[in-house]
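# Survey of secondary and tertiary structure
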Amino acid sequence: MRRKDEVFRHCTFAPACQNASMEEQASKSRDGSGANGREDVSKNGRTNELLPSKVDDEPGSSHQSRTLSRTVTRFAKPDYSYYSTYETFISKLKESVASAEPTESAQWETRSAKDGDYEAQTDIITIRPSAFREGGDEMRVLLNFGEHGREIITSEVGAKLVRSLLARQSLPARFKNQTTSEKVEDMLGNTIIKIVPVENKNGRILVEAGNFCERKNGRGVDLNRNWGLDWGTKAPDYDPEEEYPGKAPFSEPEVRITKDLVEEFRPHIWINFHSGMEGLFIPYNYKEKVPTTPLIDSVLGVLKIINDQYCSSKCAIGPGGNTVGYLAHGTADDYIFDRIGIPVVMTWEIYGANAHRDDCFRMFNPISMSSYTDVLLRWELAIVDFLSEAYDRKILRSLKNTPLNLVYEKKSSNQSEILDAIDPDSILVTALFDYTGIVEGFVFALILIGLRSRIRKRPLRQRI
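Everything numeric in this text was worked out from a predicted model, so none of it was measured. (Residues numbered from 1 in each chain as written. Predicted model: local features only at pLDDT ≥ 70, side-chain atom pairs only at ≥ 80, totals over all residues. Heavy atoms only, no water.)

This part takes up the pattern of salt bridges. For the structure on display, the rule yields 22 salt bridges. Among the salt bridges present, the one from Lys-247 reaches Asp-115, with a minimum N-O distance of 3.2 Å. Here Lys-247, found in the loop between helix 7 (240-243) and helix 8 (253-265), pairs with Asp-115, found in strand 3 (residues 106-115); they are 132 residues apart in sequence, far enough to count as distant. Across the pair Arg-174 and Glu-380 runs a salt bridge whose closest N-O atoms are separated by 2.5 Å. Here Arg-174, found in the loop between helix 4 (152-166) and helix 5 (178-188), pairs with Glu-380, found in helix 13 (residues 369-392); they are 206 residues apart in sequence, far enough to count as distant. (Salt bridge = Lys/Arg side-chain N within 4 Å of Asp/Glu carboxyl O. Helix = DSSP H or I, 4+ residues; strand = E, 2+ residues; numbered from the N terminus.)

So, about the nonpolar core. If you look at the biggest cluster of nonpolar residues, it comprises 69 residues, and the most contacted ones within it are Leu-143, Ile-269, Met-346, Trp-348, Trp-379 and Phe-386. Within the second largest apolar cluster, 22 residues are counted, among which are Ile-124, Phe-250, Phe-265 and Tyr-335. (Core = buried A, V, L, I, M, F, W, Y, C linked by side-chain atoms within 4.5 Å. Buried < 20%, exposed > 50% of the residue type's maximum accessible area, 1.4 Å probe, protein only.)

Before going further, it helps to spend a moment on the state of the cysteines. Taken as a whole, this structure holds 2 disulfides when the rule is applied. Residue pairing for Cys-311: its cysteine sulfur links by disulfide to Cys-315, the two sulfurs lying 2.0 Å apart. Around the S-S axis, the bridge from Cys-311 to Cys-315 shows a dihedral of about 80° and counts as right-handed. Going through the chain in sequence order and numbering each bonded cysteine, the pairs you get are 1-4, 2-3. (Disulfide = S-S within 2.5 Å.)

A word on the packing of helix 4 against helix 13. It is the contact of helix 4 with helix 13, at a shortest axis distance of 9 Å, that shows an interaxial angle of 60°. Between helix 4 and helix 13, the crossing angle belongs to the class labelled oblique. Once helix 4 is placed against helix 13, the crossing between them reads as right-handed. Contacts from Ile-153, Glu-156, Val-157, Lys-160, Leu-161 and Ser-164 in helix 4 reach Tyr-372, Val-375, Leu-376, Leu-377, Trp-379, Glu-380, Ile-383 and Val-384 in helix 13. Here the contact of helix 4 with helix 13 is built from residues that sort into 10 nonpolar, 1 polar and 3 charged. (Axes fitted to C-alpha atoms, helices over the stretch in contact; angles between N-to-C directions. Parallel < 35°, antiparallel > 145°, perpendicular 65-115°, else oblique. Left-handed = near helix turned anticlockwise from the far one by under 90°. Contact = heavy atoms within 4.5 Å. Nonpolar A, V, L, I, M, F, W, Y, C, P; charged D, E, K, R; others polar.)

As structure tokens, then:
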């Protein structure tokens, strides 16, 4: 999701979410038993995954001292011994869906749209782990991967999740905590999941052709700036090379396909997956406001669990506009949440590494097989765990027919406690809404706002 300069700025401004590499996090989470391929059991036994006992110290990882000004002699490229080209990726995924048992448990759909001579194509996988049935009482989930071409790892996580969901019987057993395993089993029996493995096919193909820094689509438009809420706003740090929003809202066929899908399916949960940093973000992205809905406290509470168990408590959590230190305009999350009214809308940033600004494959994707495997194993289980917690807490089913109240109100004390505990930058929110400690809070908030203003006004190349 984030621009190259935004990755650097975020990690400099908010130290709590600086990206210790995936390797370092995997190393910290191990329980110390065994020698090779030992089991990694989280502190409450929620997961039990085989991870390598020693990880590669890849260039750009946090095991080494890193500076943005150092000379990079060789930029990273995808290793196709474990990554896949787009055509191979889609072919193998189609084979997995076609071989699903029972056959009605998975369906493949391809949608196309055109604008003049430009055509886009989006594949959609629908999975009902317990097989399709009538009733309509399911929790509906829509997971979107590969919105930016260069973020190939997100689609790899999506494919891993598809295969695990198709092998539904073995998935609950991977959570060794019995309570969690039972929650997963219950969720899988009552959920219908749609997965877009690669939203930006044309951008992905440009990346595979050697343009490893390309995040836009096949005609140079950032799909995550082309949505109709606050479209076209150009902040002082606007960079057309990274985030050109298109000639008009919804000008891009890819975006229109996704918008139609959301409006037809009406999911309870939408998650948009990106890489470039580690974070679990809720709306809004285009303004520094916290939305007040009946679900906000519950969602943040579950995200804290995910952060603790799968991100070593290093992920930034909170509204994007408050948490990252910059504003993003015309994003999918903001429109889907505010205009379509989907109850739970999030962006998950699942990987990031510090690197030279032009070493984009390294910055947005793991470049060793051990790191690649770690990212896939952790985040597919994080997704399943989040969905099972959401279903178990009934934070969605009770609102299926209830209009959302999107009016801003004073934050509840519980929301303040959650944000303060998990987001180092949330003092801005607390200072503006809480009645206690207001003087001290505003002083500190003004200092941070001043720092943000200076960062935004600095020339693009100076931002790190």
